[in-house]
Amino acid sequence: TLGGKMGSLEVLPGSHRPDTGVSPAAIAKAVRDPSDSGSGVIPVNVVPGTVTIYSSRLWHRGGANESKKERQFCFFTATENQENAPPGLIHTMQMSDVGKWCISGSGLSKNKTSQ
């Protein structure tokens, strides 16, 4: 988030593309110590409510929340048509669940029409 205390999305530019010269060693360094200024990791500081879109192949993480406020976020991963979700995703929605869920100010809930 803007201001830095709540952390932000952090990315390693070019890590998703084999033609950019970001080496496996650079990615390993980012994983080991992303806060090192030589790691190449940059914060994506945005105002609350902003949507960021990036490839899931891009090295990314959430920065440390150093505030006393709870940080809320939502993420959505899209895949190519007829492809399975990549392994390791925390949450995966099956096609049979599409349209059954709603995000509101009170959080994630089942649509009343699908209960």
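Up top is the structure.
Nothing here was measured: the structure is a model prediction, and the numbers come from that model. (Residues numbered from 1 in each chain as written. Predicted model: local features only at pLDDT ≥ 70, side-chain atom pairs only at ≥ 80, totals over all residues. Heavy atoms only, no water.)

Glancing now at the overall build of the chain. Along the backbone of the chain there are one helix and five strands. Listing every helix and strand of the chain by position from the N terminus yields β-α-β-β-β-β. Within the chain, the proportion of its 115 residues that are buried is 14%. In the chain, of all internal contacts separated by at least 6 residues, the share reaching a separation of at least 24 is 61%. (Helix = DSSP H or I, 4+ residues; strand = E, 2+ residues; numbered from the N terminus. Buried < 20%, exposed > 50% of the residue type's maximum accessible area, 1.4 Å probe, protein only. Contact = heavy atoms within 4.5 Å.)

Right, let's get into the environment of Pro 34. Relative to the helices and strands, Pro 34 is located in the loop between α1 (24–32) and β2 (42–44). You can call Pro 34 buried: its relative accessible area is 13%.

Attention shifts here to the side chain of Glu 10. Mapped onto the elements of the fold, Glu 10 is located in strand β1 (residues 9–11). You can call Glu 10 buried: its relative accessible area is 15%.

A few words on the environment of Met 6. Take Met 6: it is sitting in the segment before β1. Assessed through its relative accessible area of 18%, Met 6 is described here as buried.

This next bit is on the sheet that holds β1. Spatially, the three strands line up as an open sheet ordered β2-β1-β3, and their pairing is antiparallel. With partners counted over all chains shown, the strands left at the sheet margins are β2 and β3 (60–62), one partner each. Averaged over all pairs of adjacent strands, the angle between their axes in this sheet comes to 30°, without regard to strand direction. Judged from the three bridges that link them, β1 and β3 form a sheet pairing that is antiparallel. By the bridge assignment for β3, Leu 9 is matched with Gly 62. (Pairing = 2+ DSSP bridges. Axes fitted to C-alpha atoms, helices over the stretch in contact; angles between N-to-C directions.)

Let us now look at the pattern of salt bridges. Throughout the structure, instances matching the rule amount to two salt bridges. Across the pair Glu 10 and Arg 61 runs a salt bridge, and its minimum N-O distance is 2.6 Å. Here Glu 10 is found in strand β1, whereas its partner Arg 61 is found in strand β3, with 51 residues between them in sequence. Exposure remark for Arg 61: the relative accessible area of 30% places this residue in the partly exposed category. In this structure, Asp 19 engages Arg 17 in a salt bridge whose closest nitrogen and oxygen atoms are separated by 2.6 Å. In this structure Asp 19 comes out as exposed when scored by relative accessible area, which is 55%. (Salt bridge = Lys/Arg side-chain N within 4 Å of Asp/Glu carboxyl O.)

The values reported here are purely geometric and, on their own, carry no functional implication.
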